[in-house]
Amino acid sequence: GREKWICPADFVVGPFFVCVSPADAQPTEAEREIWEEVDVVLKDAKAILDELQAYKGAGPDIREAIQNPNDEALQEKAWAAVVPLVGKLKKFYEFSQRLEAALHSLLGALTSETYSDPTQHLEREQALARQFAEILHFTLRFDELKMTNPAIQNDFSYYRRTLSRMRINNVPAEGENEVNNELANRISLFYADATPMLKTLSDGTTKFVSENKNLPIENTTDCLSTMASVCKVMLETPEYRSRFTSEDTVSFCLRVMVGVIILYDYVHPVGAFAKSSKIDMKGCIKVLKDQPPNSVEGLLNALRYTTKHLNDESTNKTIKSMLQ
C-alpha cells in the first residue's frame, strides 16, 4: 500500500511523502491529461540513463587515427566508431527538448490559480508533483554521469572536425544525414555546458515565467521552495528518514532538493542565496554535508557551479564558505 500519514510538525510532509516514495501516486481525473503526456517522456528516461551510463566513447580509435593521419584504414575505423555514438548523443539532446516540454506542462498545472497556495497544489496534485520530482531526479543523475565522462565532448568534436574535412574534400559522409550543421551547433552548445540537462530545465523554467506574465512569479517560486523544504525536512528528521525503504529514496530526495534550489535560483529575482529567499540554504547544505561525501560531491558541485546567484555580493558569507 501507499505510505500516507500526517505529521503535525510540517503538515505538507505527510501528503508529499507519496511524491518521493517509490509508490505510484495515481493521477486524479483533473491531472490525467498532463500526467499521461509526461508519463510517456518519463518512461524513456530510464533507458536514456542506462545508455549514458554504458557510454564508453571512441577514445582509442580516435587517438590512433590522429596519430596516424595518413593511414586511411585507421581513419575509417575511427569514423565508423564515432558515427553511431553521435547518433546516441543526438538522441540524448533531443530527449532534453522533450523533457523541457514536459516540465513546461507540469509547471503550468502546479502554478495555476486553481489553488490558493503551493501546499494545496502539492497535496491535491500529488501525481504531477511526483512527476516533477522524477524529472529533477533524472536531470541531476544525467548531469552527474555526463560530468564524469569526457569521451562525450571528445567524440563529438572529433566528429565535427572530420565532417568539415570531408566537406572540404567533397567526400560523401554517410554519417552526415545524422546531424546537419545547424543541429551540430546546437548539440555542441548543449554538451559544452557542465550540466546540460539542468541548464535546459533552468532555461525552460525561466522561459515559462517570462511567457506567463499574468501569473504571479511567487506561484512558481513558492512551489519550488515548498518542495525544497519538504525534501530537507524529510532528510533531516530521523522519524521520517527511518521510513525510507532504501538508500535510493534518500538520493532521490537529495537530487530533487538540489534541483528545485537551482531552478528557484534561476527564476527568483534575487535567487536562492539571498536573505529574503524562502529556502533555508544553510539547512539544505548541511543536509548534503551530512551524507557520505562520495555520494553528494556531484550535487554540491551542481550548487557551486550551476547556480546563478551564489557568487553575488549579497550572498551570506557562511553559505559561501559551506560550499567552498
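Residues numbered from 1 in each chain as written. Predicted model: local features only at pLDDT ≥ 70, side-chain atom pairs only at ≥ 80, totals over all residues. Heavy atoms only, no water.

- Per an unreviewed UniProt entry, the protein goes by Family with sequence similarity 49 member Bb and derives from Oreochromis niloticus.
- In UniProt, the protein has this text filed under Sequence similarities (unreviewed entry): "Belongs to the CYRI family."
- In UniProt, the protein has this text filed under Subcellular location (unreviewed entry): "Membrane". (UniProt positions renumbered as here; feature names shortened; annotations may be inferred.)

**Things to note about the packing of helix α2 (residues 29-53) against helix α6 (residues 126-147)**
(1) Moving on: Axis separation between α2 and α6 bottoms out at 10 Å; the angle between their running directions is 20°. Considering the angle they form, α2 stands roughly parallel to α6. Judged by the sense of rotation from one axis to the other, the crossing of α2 with α6 is left-handed. Side by side, α2 and α6 meet where Glu-31, Ile-34, Trp-35, Val-38, Asp-39, Leu-42, Ala-45, Ile-48, Leu-49, Leu-52 and Gln-53 of the first sit next to Gln-126, Ala-127, Leu-128, Gln-131, Glu-134, Ile-135, Phe-138, Arg-141, Phe-142, Leu-145 and Lys-146 of the second.
(2) Moving on: The residue inventory of the contact of α2 with α6, partitioned by class, reads 14 nonpolar, three polar and five charged. (Axes fitted to C-alpha atoms, helices over the stretch in contact; angles between N-to-C directions. Helix = DSSP H or I, 4+ residues; strand = E, 2+ residues; numbered from the N terminus. Parallel < 35°, antiparallel > 145°, perpendicular 65-115°, else oblique. Left-handed = near helix turned anticlockwise from the far one by under 90°. Contact = heavy atoms within 4.5 Å. Nonpolar A, V, L, I, M, F, W, Y, C, P; charged D, E, K, R; others polar.)

**Details of a negative patch on the surface**
(1) Moving on: Together, Glu-64, Asp-71, Glu-72 and Glu-76 make up a negatively charged patch on the protein surface.
(2) Moving on: Inspection of the secondary structure puts Asp-71 in the loop between α3 (59-67) and α4 (72-110). (Patch = residues over 30% accessible without salt bridge, like charges linked within 9 Å, V, L, I, M, F, W, Y side chains within 5 Å. Areas by Shrake-Rupley, 256 points an atom, 1.4 Å probe, with all protein chains shown as cover. Salt bridge = Lys/Arg side-chain N within 4 Å of Asp/Glu carboxyl O. Lys, Arg positive; Asp, Glu negative; His and termini not counted. Charge placed at Lys NZ, Arg CZ, Asp CG, Glu CD.)

**Remarks on the packing of aromatic side chains**
(1) Moving on: Inspection of the entire model under this criterion finds seven aromatic pairs.
(2) Moving on: Taking 5.4 Å as the distance between ring centres and 70° as the angle between the ring planes, the aromatic pair formed by Tyr-93 and Phe-190 counts as edge-to-face. Taken as a pair, Tyr-93 in helix α4 and Phe-190 in helix α8 (residues 181-192) lie far apart in primary sequence, 97 residues in all.
(3) Moving on: The exposure class assigned to Tyr-93 is buried, which follows from its relative accessible area of 7%.
(4) Moving on: In textbook terms, an aromatic cluster arises when at least three aromatic residues are bridged by ring pairs, as seen for Phe-92, Phe-95, Phe-138 and Phe-142. (Phe/Tyr/Trp six-rings, centres within 6.5 Å; stacked < 30°, edge-to-face > 60°. Buried < 20%, exposed > 50% of the residue type's maximum accessible area, 1.4 Å probe, protein only.)

**Considerations on α8**
Since the α-helix turns once every 3.6 residues, residues separated by three or four places project in the same direction.
(1) Moving on: Helix length check: α8 (12 residues) gives 16 Å between terminal C-alpha atoms against 16 Å at 1.5 Å per residue, within 8%.
(2) Moving on: Along α8, the residues that are buried comprise Leu-183, Ala-184, Ile-187, Phe-190 and Tyr-191. Burial along α8 is one-sided: seen end-on, the buried residues are contained in an arc of 120°. For α8, the exposed residues set more than 90 degrees away from the buried face come down to Glu-182, Leu-189 and Ala-192.
(3) Moving on: Buried positions along α8 lie against α4, α6, α7 (151-168) and α9 (196-211).
(4) Moving on: The N-capping residue of α8, defined by a side-chain oxygen 3.3 Å from the backbone nitrogen of Glu-182, is Asn-180. (Expected span 1.5 Å × (residues − 1). Arc of directions from axis to C-beta. Polar contact = N/O pair within 3.5 Å; in protein donor to acceptor, adjacent residues only side chain to side chain.)

**Observations regarding the packing of α6 against helix α12 (residues 247-267)**
(1) Moving on: At a minimum axis distance of 8 Å, the contact between α6 and α12 shows a crossing angle of 90°. By the angle between their axes, α6 is roughly perpendicular relative to α12. Along its contact with α6, which presents Arg-130, Phe-132, Ala-133, Glu-134, Leu-136, His-137, Leu-140, Arg-141 and Glu-144, the element α12 presents Ser-251, Phe-252, Arg-255, Val-256, Val-258, Gly-259, Val-260 and Leu-263.
(2) Moving on: Grouping the constituent residues of the contact of α6 with α12 by class yields nine nonpolar, three polar and five charged.

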